[in-house]
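What follows is the residue order along each chain.
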Amino acid sequence: MTQEVSVQEPAPTIAIGPNQPSSRLLEKAVLRAGAQVGALDDADALIWIGAPGEFPETLPGSVRWVQLPAAGIEDYFAAGVFEAHPGITFTSAAGAFADSVAEHALTLLLAGVRYLPEHLRATSWQQREFFPHVGSLRGKTVTILGAGGIGRALIPMLAPLGAHVIAVNRSGRPVAGPGIPADVETVPAEQLGRVWSHTDHVVVAAPATARTRHLIGADELARLKPSSWVINVARGSLVDTAALVDALSRGAIGGAGLDVTDPEPLPDGHPLWSLPNAIITPHDSNPPQLRLAAFADHVGANVARFVAGEQLHALIDPDRGY
């Protein structure tokens, strides 16, 4: 009797490029996930940690998948990366940094609602019987534009504070997940107009595409309340800066907390710097000391799926723009 001998398939080869000292953590993630690290020339996949403009013009025919290092990928579209490599599966880092960014969004929102900008500027003890818009999130409705990874991470943070959430996403499918209350209302993006009359505060967490440019403009700002805060942790282009400056200057809304701006970096002397109801942070909701470890976890999970032949996380659809 002839005994059959099973032949084990070799582990996929994953290249990491361009080589940087920080890639050691990614190498460990690849190895733990059951793949091997090797040169790009004969790799099955590429973990890219460089800039969009540095991406290779050609890739070896063996490469089937490319993991990008960012959640926002508009710069890769501008660089023509997807157009140049139409037969390759690309994934972004969407969701990898969700917890950190959601925490930052909540910090900005609470700072605004509790009137902290006024207190942070104070140089003497000033107690007042009444601040015009100081309040609480309890019983208020927070609308999250873009209920992806960041939105799903933010909802459980808002729930213990007593806030009601309206989640706006592309499909209108109910948002669900660990810690997300059953009473979260989900609205499809095409029906965005009906949420404003019920909204107290807005968190912008949607991807930057041609369709989402100036998602918050003069009309939307006019429909908010004098106590409403607008928080943007997505991309600056989603908010019309001129319209926002006008609304803030007139007191038409309570304020804005911006980790991203348009233009970015926000130039010295820009009106947003001097407005007392604007909080600006320099696009650091995902700080470097947290970013690499979170990306390595994301890479490890995707490499494990690649090894097992399963669907990858954060697949990019070039037609949708994200």
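Caption draft 1: Looking closely at the pairing of strand β7 (residues 164-169). Taken across its six residues, β7 has five buried, putting it largely inside the fold. Both strand β6 (residues 141-145) and β7 contribute to a ladder of five bridges, which runs parallel. Each residue of the ladder has a partner; that of Thr141, found in β7, is His164. Handedness of the β6-helix α6 (residues 149-158)-β7 crossover: right-handed. Bridge analysis of β7 against strand β8 (residues 185-188) gives four bridges, and the strand direction is parallel. Looking at the pairing, Val168 lines up with Val187 of β8.

Caption draft 2: Structural view of the environment of Gly254. In this fold, Gly254 is placed in the loop between α8 (241-250) and β11 (255-258). You can call Gly254 buried: its relative accessible area is 12%. The sequence separation of Gly254 and Val230 amounts to 24 residues, and the corresponding C-alpha distance is 8.3 Å. The contact partners of Gly254, leaving out residues within four places of it in the chain, are Lys225, Pro226, Ser227, Ser228, Trp229 and Asn277.

Caption draft 3: Representation of the packing of aromatic side chains in the model. In this structure the tally under the stated criterion is five aromatic pairs. On the numbers, 6.1 Å between centres and 50° between planes, the contact of Phe55 with Phe90 is tilted. Note that Phe55 is positioned in the loop between β3 (45-48) and β4 (65-67) and Phe90 in strand β5 (residues 89-91), a separation of 35 residues in sequence. Here the aromatic rings of Phe77 and Phe82 are separated by 4.6 Å at their centres, their planes lie at 55°, and the arrangement is tilted. Classification of Phe77 as partly exposed rests on a relative accessible area of 30%.

What counts, and where the lines are drawn
- Residues numbered from 1 in each chain as written.
- Predicted model: local features only at pLDDT ≥ 70, side-chain atom pairs only at ≥ 80, totals over all residues.
- Heavy atoms only, no water.
- Buried < 20%, exposed > 50% of the residue type's maximum accessible area, 1.4 Å probe, protein only.
- Helix = DSSP H or I, 4+ residues; strand = E, 2+ residues; numbered from the N terminus.
- Pairing = 2+ DSSP bridges.
- Right-handed = clockwise from strand over helix to strand, strands pointing away.
- Contact = heavy atoms within 4.5 Å.
- Phe/Tyr/Trp six-rings, centres within 6.5 Å; stacked < 30°, edge-to-face > 60°.

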